[in-house]
Amino acid sequence: LFPFERGLFEDKVANFWCSLSLIYKAHLRHPRKHLQIASTAMTLAGFAPCSVHLLRYPSMLSVVYAVVITSLSFFLFSFHVHEKTILLC
């Protein structure tokens, strides 16, 4: 479904993985499968608190916050592919 072969990030994108690569070259030290699992786990961890809050205290404002936080979490922690930029539109 997603072209994981492109890698974690591209030169034009400043996300968590791009920032991390300045200090630690995860894409060179770990297999792609482990990076896919790590990015999925970090994406889920990024929006899990707002999802729990939304379930516990449902309101229209909580829905707006949850949508914003979820989209930012996907942008920051998931694999960067061109198809993901549609989320920013």
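Residues numbered from 1 in each chain as written. Predicted model: local features only at pLDDT ≥ 70, side-chain atom pairs only at ≥ 80, totals over all residues. Heavy atoms only, no water.

When you go through the chain residue by residue, the secondary structure sums to 4 helices and 0 strands. The N-to-C order of helical and strand elements in the chain reads α-α-α-α. The buried share among the 89 residues of the chain stands at 28%. Per element, the accessible surface of the chain, about 6300 Å² overall, is 72% carbon and sulfur. (Helix = DSSP H or I, 4+ residues; strand = E, 2+ residues; numbered from the N terminus. Buried < 20%, exposed > 50% of the residue type's maximum accessible area, 1.4 Å probe, protein only. Areas by Shrake-Rupley, 256 points an atom, 1.4 Å probe, with all protein chains shown as cover.)

This part is about the packing of helix 3 (residues 32-56) against helix 4 (residues 60-77). One can describe the packing of helix 3 onto helix 4 by two numbers: an axis separation of 9 Å at closest approach and a directional angle of 170 degrees. Relative to helix 4, the element helix 3 lies roughly antiparallel. On helix 4, the residues that touch S39, M42, T43, G46, F47, C50, H53 and L54 of helix 3 are S62, V63, A66, I69, T70, S73, F74 and F77. Residue composition of the contact of helix 3 with helix 4, grouped by class: 9 nonpolar, 7 polar and no charged. (Axes fitted to C-alpha atoms, helices over the stretch in contact; angles between N-to-C directions. Parallel < 35°, antiparallel > 145°, perpendicular 65-115°, else oblique. Contact = heavy atoms within 4.5 Å. Nonpolar A, V, L, I, M, F, W, Y, C, P; charged D, E, K, R; others polar.)

Residues L61, V64, Y65, V68, I69, L72 and L76 make up a contiguous nonpolar surface patch of about 620 Å² in total accessible area. If you trace the backbone, L76 turns up in helix 4. (Patch = residues over 30% accessible without salt bridge, like charges linked within 9 Å, V, L, I, M, F, W, Y side chains within 5 Å. Salt bridge = Lys/Arg side-chain N within 4 Å of Asp/Glu carboxyl O.)

Below, the discussion takes up helix 4. With 18 residues, helix 4 extends 26 Å from end C-alpha to end C-alpha; this agrees with the ideal 26 Å at 1.5 Å per step. In the core, the buried residues of helix 4 are packed alongside helix 1 (16-20) and helix 3. (Expected span 1.5 Å × (residues − 1).)

Another point: the environment of V64. Checked against the element boundaries, V64 lands in helix 4. C-alpha of V64 to C-alpha of L54: the two residues are 10 residues apart in sequence and 9.8 Å apart in space.

Limitation: the analysis is restricted to geometry and does not speak to function.
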